[in-house]
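A look at the structure
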Amino acid sequence: MNEASRKAHTIAVTSGKGGVGKTFLSANIAAALARAGRRVLVIDADLGLANLDIILNLQPKSTLHDVLNGVVELEDVILTAPCGFSVLPAGSGIAEYARLSGELRERMRMLLDRLGSRYDCLLIDTGAGITDLVQYAASLADELVVVTTPEPTALADAYATIKVLSADCHRSRVHLVINQVRRPGEGVTLTKQLQQVVDRFLTSAEAPPPQLGFLGEIPHDADVPAAVRSRRLLLESSPGSPVSLAITGIAGRLSRQLLASAA
Ligand SMILES: Nc1ncnc2c1ncn2[C@@H]1O[C@H](COP(=O)(O)OP(=O)(O)OP(=O)(O)O)[C@@H](O)[C@H]1O
Ligand SMILES: [Mg+2]
C-alpha cells in the first residue's frame, strides 16, 4: 500500500452524559499512542464548545471551523501537543453545528479522507449526547468508544447512545471505557450488566445486538482535576500514576484490536 492510499483508523470517542472524561481521555490516549510510535491526530469535534486546546494549553489562531469555511488551509490549523501527537482544534461559541447541512457533511467527510492518508490514527473527541454532529462524526468513524462513569444516570445515557449510534451504522461492536471507578473490578461488572440490557433490548430480526468491548476502567483520582487545572497531560506530569497506567493499558488494547481487525 502506498502512502497516499494508506488509511488511518478513525475512532470516535463519545458519551451520552456530558463531563464523563471524553476530552481528558482522548488527549491522554493520544499521548500513549504517540509514545508507542503511532502518528495520531486528535480532532476536536465538539464544534461550538471546544475544550481540547484548553486542557492541552494550546493557543490556536485558527480552527476546524475556519477550515470548514475555506478561510484557512488545513496545514495552518494543526498544532503539535506535548508527547508529540497532533491536534485539530475546533472553535467555541459557534451555534451553526446544531443542524448539519448536506454541504457541511460533505466537507467534513472530505476533510477526514485527506487526514486519513497522513496519520495512523484519527481520534475524534465528540460532544456529549445524541446530536446531529455526534451522530455524523460517529458514522464517519471505523470504531466507537463510549465513555461512562459508574453513575446510574451516566450508564442510562451510555445505553441510549449505544442504542442510537449502533443502529445508525449497523455496528456489531462498541468499545466501552468506565471512567472514575471507586473500586477495582467495577468496570467489568458494569460492562456485563450493560451487555445484558443491550442483549435484551437491542435484539432485532435484522441484526444481533452490538457486542460491548470492555477497553478498561480508570480510577477516580483527585490528580486528574489538578492536571486539567494546570493544563498538563497527566501522562506527562504523572506517568506512573494509576490513572496514567490505566490509560496506557486502554491505548494498548485499542491499538491491538485495531490492528487485529485490519489484518
Ligand atoms: N478519572 C478521573 N478522576 C477524577 N476526575 C476526573 C477523571 N476523569 C475526568 N475527570 C474530571 O472530569 C472533568 C471533565 O472531563 P472532560 O472535560 O474530559 O469530560 P468530557 O466528557 O469531555 O465533557 P464534555 O461532555 O463537556 O465534553 C475533568 O475536568 C476532570 O476534572
Ligand atoms: Mg469534552
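Quick note: structure is the one above.
Parameters at a glance
- Residues numbered from 1 in each chain as written.
- Chains lettered and ligands numbered in written order.
- Predicted model: local features only at pLDDT ≥ 70, side-chain atom pairs only at ≥ 80, totals over all residues.
- Helix = DSSP H or I, 4+ residues; strand = E, 2+ residues; numbered from the N terminus.
- Rg over C-alpha atoms; globule rule 2.2 N^0.38 Å.
- Buried ≥ 20, exposed ≤ 12 C-beta atoms within 10 Å, placed from the backbone.
- Contact = placed C-beta atoms within 7 Å.
- Core = buried A, V, L, I, M, F, W, Y, C linked by C-beta atoms within 7 Å.
- Near = placed C-beta within 6 Å.
- Nonpolar A, V, L, I, M, F, W, Y, C, P; charged D, E, K, R; others polar.
- Expected span 1.5 Å × (residues − 1).

Focus: the overall build of the protein
A count of helices and strands for the protein gives 10 helices and 8 strands. Computed over C-alpha atoms, the radius of gyration of the protein comes to 17 Å, within 12% of the 18 Å expected from 2.2 N^0.38 for 263 residues, which places it in the range of a compact globule. Referenced to the eigenvectors of the C-alpha coordinate spread, the extents of the protein come out at roughly 50 × 45 × 40 Å. The burial tally for the protein puts 43% of its 263 residues in the buried class. Partitioning the contacts of the protein with sequence separation of at least 6, the portion at a separation of at least 24 is 77%.

What about the nonpolar core?
Judged by nonpolar contacts, the single largest core of 72 residues is most densely connected at A30, V42, L123, I124 and I247. If one sorts the elements of this core by residue count, helix 1 (residues 22-35) sits on top with 9 residues. In this structure I124 touches T10, I11, A12, V13, I43, A45, A137 and A141, once residues within four positions along its chain are discounted.

What to know about the site of ligand 1
Taken together, 21 residues lie around ligand 1, and G18, G21, T23, F24 and P225 are the ones closest in. Of all the secondary structure elements, the ones that give two or more residues to the shell around ligand 1 are helix 1, strand 5 (121-128), strand 7 (173-181) and helix 8 (223-229). Classifying every residue of the shell around ligand 1 by side-chain character gives 8 nonpolar, 10 polar and 3 charged.

Focus on helix 1
Given a rise of 1.5 Å per residue, 14 residues ought to cover 20 Å, and the 20 Å separating the end C-alpha atoms of helix 1 matches this to within 8%. Among the 14 residues in helix 1, 13 count as buried, and that is most of the element. Immediately downstream of helix 1, the backbone of G37 shows phi near 95°, a positive value.

Some remarks on helix 10 (residues 242-262)
In this model helix 10 runs 30 Å from its N-terminal to its C-terminal C-alpha over 21 residues, within 8% of the 30 Å that 1.5 Å per residue would give. Within helix 10, burial applies to V243, S244, A246, I247, T248, I250, A251, L254 and L258.

Description of unusual backbone geometry
Despite not being glycine, H170 has its phi angle at roughly 50°, a positive value. Within the fold, H170 resides in the loop between helix 6 (152-168) and strand 7. Exposure remark for H170: the 9 C-beta atoms within 10 Å place this residue in the exposed category. Phi at Q180 is positive, roughly 65°, even though this residue is not glycine. Note on Q180: 20 C-beta atoms within 10 Å, which makes it buried.

Some points on the environment of P242
Mapped onto the secondary structure, P242 falls in helix 10. Here P242 falls in the partly exposed class, since 13 other C-beta atoms lie within 10 Å of it. Separated by 24 residues in sequence, P242 and I218 have C-alpha atoms that sit 7.9 Å apart. The residues contacting P242, other than those within four sequence positions of it, are P219 and D221.

Nothing here speaks to function; it is geometry throughout.
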